[in-house]
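# Working through the structure, step by step
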Amino acid sequence: MMMRSPGESSTCGVPARPSHRRLPARAGLGLKPQHFTEILATRPDLGFFEIHAENYLVAGGPFHHYLSRIRDRYPLSIHGVGLSIGAEGPLDTAHLDRLAALLDRYQPQSFSEHLAWSTHGGAFFNDLLPLPYDQATLNRVCDHIDQTQEHLQRRILLENPATYVEFAASTLDEATFITEIVRHTGCGLLLDVNNAYVSGVNHHRDPQAYIAALPLPEVGEIHLAGFAEDQDAARAPLLIDTHGAPVAAAVWELYAFALERLGPTPTLIERDNDIPPLVVLIAEAQCAERWIGYTQRDRLEASA
Amino acid sequence: MSDQRLFVTALLDPNAPCPAGLTAWNGSDPTRRFAVYRNNVVTSLIDVLADTFPVTLELVGDEFFRAMAGDFVRAAPPKSALLAEYGGGFPVFIERFEPARSVPYLADVARLEMLRVQAFHAAAADPLTPEQVAQALADPERLPALRVICHPSLGVLSSRYAIVSLWAAHQGIGDLACVDPGLPETALVVRAGLEVQVVALPPGGDVLVAGFTNGLTLGVAAARAASAHADFDLTIHLALLLRVGALASLSLPTETLP
């Protein structure tokens with residue numbers, strides 16, 4: 001078993017340094033290699049950076065060089081995209097070991113993964129594939145999250161998915177399924193507001209009702225991103241979670257709805273494709289910070 | 001077959017039917033919705049290969065490259081989520097890819113590009129300093145017994161084609177029209193600091209470096225290189241390897257030079 005360092009959060013109630021325990025309730029950006037040197041040169045006023053864990057599971061080189069310097073100056077969120085928590089097969093313990101070493105090295109304030117699967121039969125598919133919401137899947141996902149939290153010696157945040165299909169086999173709605181996971185495993189939630197909106201449109205359900213039905217006190221971080229628009233076979237709108245566009249107006253509205261219920265919450269602007277200049281992303285982060293500010297002010301006024 | 005087995009089979013085979021048991025709220029045919037996953041998987045992995053093999057792409061054009069890479073992705077999806085490692089099998093696939101036969105050096109250019117990515121992410125190590133080298137040279141009698149440890153990022157690739165010149169011309173170094181692809185070249189790839197360098201090794205350099213990597217002494221490795229290439233000159237090779245930071249340390253069997 002790994003030793004837990006004093007700075008890491010845990011599910012076991014070990015006291016942690018406050019500054020290291022959680023992300024600040026501010027806006028952050030996904031860290032992109034094309035922005036490494038500009039970030040270090042200009043030190044933009046941002047709440048945190050987030051990386052995809054798998055991009056940094058390499059031995060050395062510029063990625064670690066720059067990340068260690070940026071980590072010295074900013075809080076960090078590490079976001080896994082390859083653990084495949086929903087896979088039918090067992091978790092890859094070698095991958096868990098590599099994640100544990102990365103978390104140990106960079107001591108991030110948050111680690112998150114997805115309610116999805118991406119591996120099967122020794123192959124990795126580089127996409128977040130959907131799950132039926134039934135009892136067998138729930139048991140398996142909970143076992144995998146228990147194993148992950150035990151292995152990493154920390155509480156993880158689980159992200160709600162953007163999906164394009166549903167399963168005839170599902171017996172629970174997604175919000176209930178996630179609520180059950182949180183209840184059984186004690187994990188937290190990464191509320192991806194764009195995913196909630198995309199899935200809401202794709203499956204003709206009310207994204208506000210969906211968010212309201214989630215265990216909101218367990219939300220540790222919010223994701224915002226852009227989507228692309230397509231159509232299904234019946235010409236109904238089908239939104240695709242591309243991370244390749246600015247945050248849409250409807251998603252900002254849903255974000256405001258979520259913040260009203262959550263209070264100020266660390267919020268990431270996700271952009272992984274068609275990446276614009278850093279200043280464009282900083283402006284989007286500032287927009288999120290204004291919403292966080294309104295929430296803070298409303299709360300102060302309400303309590304005055 | 002398991003549900004996820006059926007799902008991935010349909011993901012990778014565009015002619016396979018959409019998996020059973022998928023639904024849509026409006027009762028529409030889920031095939032169109034499932035196609036989003038098919039497209040995400042194959043397109044994102046083609047994009048990974050396009051990032052790793054940019055000169056290979058330029059040599060055949062975007063459309064040809066993406067079609068070839070798509071066939072590779074469907075035949076050999078990644079074995080892990082560490083996508084920096086994906087593409088190791090791509091050069092062999094290119095070699096056997098019939099439509100690419102007209103560009104015989106394509107596979108070796110791809111091998112060179114894979115070495116570059118491996119060097120980019122390789123472990124860090126300080127290169128040998130001039131002081132360390134001077135100290136080793138101070139006692140010429142011990143020189144042949146030295147063992148040379150290469151930088152962890154070092155890769156060497158010998159080709160029947162002018163891979164270094166072809167690659168360099170695509171970086172704006174030299175004129176592509178002046179490159180004779182049929183001239184054999186040996187590429188040395190190494191990361192010095194944060195930059196990956198690609199240089200041409202004179203004849204025998206591959207044998208010398210292979211000797212170092214296999215733990216031979218400097219004397220034995222140099223002798224092998226000399227017997228492979230009559231005009232092999234150890235001084236020229238060592239100067240080049242030191243200049244690009246390809247050597248990490250020197251040691252004698254019983255001691256390590258500082």
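Of regular secondary structure, chain A possesses 10 helices and 13 strands. Here chain A has a C-alpha radius of gyration of 19 Å; the compact-globule value for 304 residues is 19 Å, and the two agree. Oriented by its inertia axes, the alpha-carbon framework of chain A measures out at about 50 × 45 × 45 Å. Residues counted as buried form 47% of the 304 residues belonging to chain A. Look at the contacts in chain A between residues 6 or more apart in sequence, and 76% of them connect residues 24 or more apart.

All right, on to the environment of glutamate 218 of chain A then. Residue and element names in this part refer to chain A. Take glutamate 218: it is sitting in the loop between α8 (207-213) and β10 (219-224). Between the alpha carbons of glutamate 218 and alanine 169 there is a distance of 28 Å; along the sequence they are 49 residues apart. Residues in contact with glutamate 218, not counting those within four places in the same chain, are Val182, Gly188 and Leu189.

One widely used convention gives an interface's size as the accessible area the parts lose upon coming together. Tallying the contact residues gives 38 residues for chain A and 40 residues for chain B. Mapped onto the side of chain A that touches chain B, the elements with two or more residues apiece are α3 (62-71), β5 (117-120), β6 (123-129), β8 (166-167) and β12 (237-240) of chain A. With 6 residues, the top contributor of residues to the side of chain A that touches chain B is β6 of chain A.

Our next topic: helix α10 (residues 278-303) of chain A. Residue and element names in this part refer to chain A. The end-to-end C-alpha distance of α10, which contains 26 residues, comes to 37 Å, matching closely the 38 Å that a straight helix rising 1.5 Å per residue would cover. The set of residues buried in α10 consists of Leu281, Glu284, Ala285, Ala288, Trp291, Ile292 and Thr295. As for α10, its buried residues are in contact with β1 (27-30), β10, α9 (249-262) and β13 (267-269).

Residues with a pLDDT of 70 or more make up 93% of chain A, whose mean pLDDT is 93. Overall, residues 1-19 of chain A carries pLDDT values under 50, and its contacts beyond four positions in sequence, including any with other chains, amount to 27 contacts.

Among the 7 residues in β6 of chain A, 6 count as buried, and that is most of the element. Hairpin connection of β5 of chain A to β6 of chain A: 2 residues between the antiparallel strands, including glycine 121 of chain A at a positive phi of 55°.

Okay, the pairing of strand β9 (residues 188-192) of chain A next. Residues and elements named next belong to chain A. Burial runs high along β9: 5 of the 5 residues are buried. Burial of β9 is two-sided: the residues Gly188, Leu190 and Asp192 facing one way and the residues Leu189 and Leu191 facing the other way are all buried. Bridge count for strand β7 (residues 157-159) against β9 is 3 bridges, and the pairing is parallel. Bridging across to β9, leucine 157 finds its partner in glycine 188. Pairing of β9 with β10, which is carried by 4 bridges, proceeds in the parallel orientation. Across the sheet, the residue bridging to leucine 191 is isoleucine 222, located in β10.

Moving on, we come to helix α9 (residues 205-213) of chain B. Residue and element names in this part refer to chain B. Residues of α9 that are buried: Gly205, Val207, Leu208, Val209, Gly211 and Phe212. The elements touched by buried residues of α9 are β2 (147-150), β3 (155-159), β4 (185-192), β5 (195-201), α10 (218-228) and α11 (234-243). Downstream of α9 by one or two residues, glycine 215 has phi in the positive range, about 85°.

What follows concerns the sheet that holds strand β3 (residues 76-79) of chain A. Residues and elements named next belong to chain A. With respect to topology, 8 strands assemble into a closed barrel ordered β1-β2-β3-β4-β7-β9-β10-β13, the strand pairing being parallel. Between one strand axis and the next, the sheet turns through 30° on average, direction left out of account. With 3 bridges joining them, β1 and strand β2 (residues 48-52) adopt parallel strand pairing. Its bridge partner being in β2, leucine 29 is matched across the sheet by phenylalanine 49. With respect to the sheet, α10 is in contact with β1, β10 and β13, its orientation differing from that of β1 by roughly 150°.

Calculation criteria
Residues numbered from 1 in each chain as written. Chains lettered and ligands numbered in written order. Predicted model: local features only at pLDDT ≥ 70, side-chain atom pairs only at ≥ 80, totals over all residues. Helix = DSSP H or I, 4+ residues; strand = E, 2+ residues; numbered from the N terminus. Rg over C-alpha atoms; globule rule 2.2 N^0.38 Å. Buried ≥ 20, exposed ≤ 12 C-beta atoms within 10 Å, placed from the backbone. Contact = placed C-beta atoms within 7 Å. Expected span 1.5 Å × (residues − 1). pLDDT = per-residue confidence, 0-100. Pairing = 2+ DSSP bridges. Axes fitted to C-alpha atoms, helices over the stretch in contact; angles between N-to-C directions.

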